[in-house]
Amino acid sequence: MKSFYLSSASAQSILLTAMFFSLVLSLFLLLASFGRQHGKWKGYLHFFVFLFLFILLSVLSEAFSKMGKGLEYKPWLPLPVWLLWSILFAADCLTIWELAELQRMGKQTLSSDSIKQALDMLPDGICYFAPSGSVKLCNRQMDSLFRTISRSDLQTLAELQAALSNCDAGSSVTQVSRERQTYLFPDGKVWRYRQNEVKASDGVLYTEAVFSDVTELYHKNLELKAQIRQLKSISSELKWLSDNALALTREKEVLSAKTKLHDDMGAGLIAIRHILNQNGTEKTENAMNLFRQAVSTIKYDNACP
C-alpha cells in the first residue's frame, strides 16, 4: 500500500484532519487528568500519546505543505497510510476510554453540589453556620421548617435562636418541652432541636443545627404517661383493699360471734320460760341450774376478745 507521501492530496488532507482532532482530544484528556489521583503509568501514557501525535502531525504537515508548494521535502516517516490510520484509531479508542473513566470517577467524587444534593435528601433539617453566624450550608428541610416558624429565609444563627424563643407568640408552632427543645408544628409533626459545634479539618469551628422528627416518639410517650396514670389508680385501689382487708376480717369475726351468742341466749331463755311456766319448786330449781349451765357455756364458748 502507498505511503503518506505517495498518496493523493485528498487522502493526505483527510488523514491530517483526523490526526489534528485526535491531537486535540488527547490534549483535552491530558488536561482533564492533570492533578487527579491515578497511576503514574497512566499519566506517562497520556503524555506519550499526545507527544507522539504532535510529532507525527508536525512532520506530516510540514511535508504536505512543501508538496503543495512544489518544494523539496524529506520523507521522515515513510509509513503506509493504513498503519497511520490504525495508530489514530488506537489512540482515539484509548483517549475515549480514559475520558469515560474520568467522567465516571468524577461522578463518584464528592463535590459541593453532590454534598448539597445528599443533604437535601435527608429527612432531618440540618444547617451549618460559619463562626460569624452566617449560613454556610442548609438543606431544604431546615429551610422549610424555618419558614413555618418565622415566614422568612434563614440567614444567621441569631435569627434561628430568636425564632425558636418566640415561636409560641409569633407563629403557629408550639413549644412542647423547653428542656428537650421539642416543638409541635401545625401539620401535627413534632421536631426536636439540638445544636453543637463541629470542627473542620482546617480547625474552623462551625455550628451545627439539627431538627429531628420525633413525632412517633412523642405520641408513644403520651400513651406511656396515660398508662402510668392508670396503673397508679389501680395501685391506689389495691393498697386501699389491702389496708382494709384485716379490718373487714375482724368485723366479720365479731359479727359471727355476736350472732352465735345471740342465738344461744335466745335458745336458753326459751327453755327457761318453758320450765317456769310449769309449777313446782323442784322444777324451778332445775330450770335455774340449767340456765346457769347455759350462761357458763355461753361465756366459755363465745367470749369475744
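The structure this text deals with has already been given above.
Colleague: Now, about the overall build of the chain: what can you tell me, with residues and values included?
Modeller: Along the backbone of the chain there are nine helices and six strands. Going through the 305 residues of the chain one by one, you find that 25% of them count as buried. Of the contacts formed within the chain by residues at least 6 apart in sequence, a portion of 50% connects residues at least 24 apart. Approximately 21600 Å² of the chain is accessible, and the part contributed by carbon and sulfur atoms is 60%.

Colleague: Account for helix H6 (residues 157–165), with residues named and values stated.
Modeller: Here H6 has its buried residues at Leu 157, Leu 160, Ala 163 and Leu 164. Buried residues along H6 cover an arc of 130° about the axis, so they all sit on one side. Exposed side chains of H6 directed beyond 90 degrees from the buried face belong to Ala 158 and Ser 165.

Colleague: I'd like a rundown of the packing of helix H5 (residues 140–150) against H6, residues and numbers included.
Modeller: At a closest axis distance of 10 Å, the pairing of H5 and H6 adopts a crossing angle of 50°. In terms of orientation, H5 lies oblique with respect to H6. Viewed along their axes, H5 and H6 form a crossing whose handedness is left-handed. For the pair H5 and H6, contact is made by Phe 146, Ile 149 and Ser 150 and by Glu 159, Leu 160, Ala 163 and Leu 164, respectively. By residue class, the composition of the contact of H5 with H6 is five nonpolar, one polar and one charged.

Colleague: Mind laying out the nonpolar core, listing which residues take part and the relevant values?
Modeller: Most often, soluble globular proteins have nonpolar side chains that are buried together. One finds Ile 149, Leu 154, Leu 160, Tyr 183, Tyr 193 and Phe 211 to be the most contacted residues of the largest nonpolar core, which totals 20 residues. Looking at this core, the elements that each hand over two or more residues are strand E1 (125–129), H5, H6, strand E5 (190–199) and strand E6 (205–213).

Colleague: Which residues make up the pairing of strand E2 (residues 135–138), and what values do they have?
Modeller: Across three bridges, the pairing between E1 and E2 is antiparallel. Bridged to Cys 127 within E2 is Cys 138. Count of turn residues in the E1/E2 antiparallel hairpin: five residues, of which Gly 133 carries a positive phi of about 100°.

Colleague: Tell me about the sheet that holds E5, and name the residues and values.
Modeller: Taken together, six strands build an open sheet; the order of strands is E2-E1-E6-E5-E4-E3 and the sheet is antiparallel. In this open sheet, the two strands that pair with only one neighbour each are E2 and strand E3 (174–177). Going from strand to strand, the sheet's axes swing by 25° on average, the running direction of each strand aside. Relative to E6, E1 runs antiparallel, the two being bridged by five bridges. Counted as the bridge partner of Cys 127 is Ala 209 from E6. Strands in contact with H5 are E1, E2, E5 and E6; relative to E6, the strand with the most contacts, it is inclined by about 75°. Together, E1, strand E4 (182–184), E5 and E6 form the strand contacts of H6, whose direction differs from that of E5 by roughly 150°.

Colleague: Provide a residue-level description of the packing of aromatic side chains, including the pertinent values.
Modeller: With the rule as written, the count across this model stands at five aromatic pairs. Taking 5.9 Å as the distance between ring centres and 70° as the angle between the ring planes, the aromatic pair formed by Phe 20 and Phe 21 counts as edge-to-face. Phe 20 sits in the partly exposed class, given a relative accessible area of 44%. Given a relative accessible area of 55%, Phe 21 falls into the exposed group. Summarising the aromatic geometry, the rings of Tyr 193 and Phe 211 are spaced 5.0 Å apart at their centres and angled 50° between planes, so their arrangement reads as tilted. Residue Tyr 193 is located in strand E5, and its partner Phe 211 is located in strand E6; the two are separated by 18 residues in the primary sequence. For the residue pair Tyr 193 and Phe 211, the accessibility class agrees, reading buried in each case.

Colleague: Which residues make up the pattern of salt bridges, and what are the values?
Modeller: On inspection of all chains with the given rule, the structure shows four salt bridges. Taking the shortest distance from any N to any O, the salt bridge between Glu 62 and Lys 66 comes out at 3.5 Å. Here Lys 66 and Glu 62 lie together in helix H2 (residues 40–69), a separation of four residues that amounts to about one turn. Taking relative accessible area as the criterion, Lys 66 reaches 30% and is therefore assigned partly exposed. For the salt bridge of Asp 143 with Arg 147, the shortest nitrogen-to-oxygen distance reads 3.2 Å. Taken together, the residues Asp 143 and Arg 147, both in helix H5 and four residues apart, mark about one turn of the helix. A residue is classified by how much of its surface remains accessible, and Arg 147, at 41% relative accessible area, is partly exposed. Bridged by salt links that share partners, the residues Asp 143, Arg 147 and Asp 153 form one connected network.

Colleague: Which residues make up the environment of Glu 197, and what values do they have?
Modeller: Along the chain, Glu 197 turns up in strand E5. The class of Glu 197 is exposed, set by a relative accessible area of 59%. When residues no more than four places from it in sequence are discounted, the contact partners of Glu 197 are Leu 205 and Tyr 206.

Colleague: For a nonpolar patch on the surface, give the residues involved together with the corresponding values.
Modeller: On the surface, Leu 231, Ile 234, Leu 238, Trp 240 and Leu 241 cluster together into a nonpolar patch covering about 550 Å² of accessible area. Take Ile 234: it is sitting in helix H8 (residues 215–276). Here Ile 234 falls in the partly exposed class, since its relative accessible area comes to 40%.

Rules of the game
- Residues numbered from 1 in each chain as written.
- Predicted model: local features only at pLDDT ≥ 70, side-chain atom pairs only at ≥ 80, totals over all residues.
- Heavy atoms only, no water.
- Helix = DSSP H or I, 4+ residues; strand = E, 2+ residues; numbered from the N terminus.
- Buried < 20%, exposed > 50% of the residue type's maximum accessible area, 1.4 Å probe, protein only.
- Contact = heavy atoms within 4.5 Å.
- Areas by Shrake-Rupley, 256 points an atom, 1.4 Å probe, with all protein chains shown as cover.
- Arc of directions from axis to C-beta.
- Axes fitted to C-alpha atoms, helices over the stretch in contact; angles between N-to-C directions.
- Parallel < 35°, antiparallel > 145°, perpendicular 65-115°, else oblique.
- Left-handed = near helix turned anticlockwise from the far one by under 90°.
- Nonpolar A, V, L, I, M, F, W, Y, C, P; charged D, E, K, R; others polar.
- Core = buried A, V, L, I, M, F, W, Y, C linked by side-chain atoms within 4.5 Å.
- Pairing = 2+ DSSP bridges.
- Phe/Tyr/Trp six-rings, centres within 6.5 Å; stacked < 30°, edge-to-face > 60°.
- Salt bridge = Lys/Arg side-chain N within 4 Å of Asp/Glu carboxyl O.
- Patch = residues over 30% accessible without salt bridge, like charges linked within 9 Å, V, L, I, M, F, W, Y side chains within 5 Å.

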